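# Per-entry structural report
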Amino acid sequence: MFCPKCRAEYREGFVECSDCQIPLVDQIPQEKEGDPDLELVTVLETRDPGILTIAKSLLAEAEIEFMDTAEGLQDFYGVGGLGGFQPLTGPARLQVSVRDEERAKSALQRLENS
Ligand SMILES: [Zn+2]
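Now for a look at the structure at hand. (Residues numbered from 1 in each chain as written. Predicted model: local features only at pLDDT ≥ 70, side-chain atom pairs only at ≥ 80, totals over all residues.)

Glancing now at the nonpolar core. Among the nonpolar cores identified, the biggest contains 13 residues, and Val43, Ala55, Leu59, Leu94, Ala104 and Leu108 are the most heavily contacted of them. Secondary-structure elements contributing two or more residues to this core are strand 1 (40-46), helix 1 (49-61), strand 3 (92-97) and helix 3 (101-113). With 4 residues, the single largest contributor to this core is helix 1. Contacts of leucine 59, omitting those with residues within four sequence positions, involve Ile64, Phe66, Leu94, Ala104 and Ala107. (Core = buried A, V, L, I, M, F, W, Y, C linked by C-beta atoms within 7 Å. Buried ≥ 20, exposed ≤ 12 C-beta atoms within 10 Å, placed from the backbone. Helix = DSSP H or I, 4+ residues; strand = E, 2+ residues; numbered from the N terminus. Contact = placed C-beta atoms within 7 Å.)

Below, the structure is given as structure tokens:
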């Protein structure tokens, strides 16, 4: 059980948040669309799978959640094995939440310096 307001988690049997005095819900409601926290910004755009791999590990190391917009295509080419010639793929983009943008950029600076 969760408080929809403060998002505190309660054990089964509790019906009201002791802080907010409102009824608990089974699940925290989904974030509204357009929530600025969920807005994604592109922090890296590359056609080099090596750079992409390093960038992902830098973000993972910094504990930043990211989206890879070319993931599906990479899976496709991984299976097909087109020998590195990928005429249909655009650059892969790594996107992070706007709230992680600065951290992600500083994490990725290590990429440019190496
Ligand atoms: Zn509460």
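Strands belonging to one sheet form pairs held by backbone hydrogen bonds; the direction of such a pair is parallel or antiparallel. Within the open sheet, the 3 strands sit side by side as 1-3-2. Their pairing is antiparallel. Of all strands in the sheet, those with a lone pairing partner are strand 1 and strand 2 (66-68), marking the two edges. Adjacent strand axes in the sheet meet at a mean angle of 25 degrees when their direction is disregarded. Helix 1 rests against strand 1, strand 2 and strand 3 of the sheet, and its axis sits at about 15 degrees to strand 3. (Pairing = 2+ DSSP bridges. Axes fitted to C-alpha atoms, helices over the stretch in contact; angles between N-to-C directions.)

In a regular helix each residue adds 1.5 Å, so 13 residues correspond to 18 Å; helix 1 covers 18 Å between its end C-alpha atoms and thus fits that length. For helix 1, every residue scored as buried is listed here: Leu52, Ala55, Leu58 and Leu59. Angularly, the buried residues of helix 1 cover 125 degrees about the axis, an arc narrow enough to put them on a single face. Away from its buried face by more than 90 degrees, helix 1 exposes Gly50, Thr53, Ser57, Ala60 and Glu61. Downstream of helix 1 by a residue or two, glutamate 63 has a phi angle that is positive, lying close to 60 degrees. (Expected span 1.5 Å × (residues − 1). Arc of directions from axis to C-beta.)

Next up on the list: unusual backbone geometry. One non-glycine residue, arginine 7, lies in the positive phi region at around 65 degrees. Take arginine 7: it is sitting in the segment before strand 1. You can call arginine 7 exposed: it has 10 C-beta atoms within 10 Å. Positive phi outside glycine occurs at glutamine 21, with the angle close to 55 degrees. Mapping glutamine 21 onto the fold places it in the segment before strand 1. Glutamine 21 gets classed as exposed once you count the C-beta atoms within 10 Å, which come to 9.

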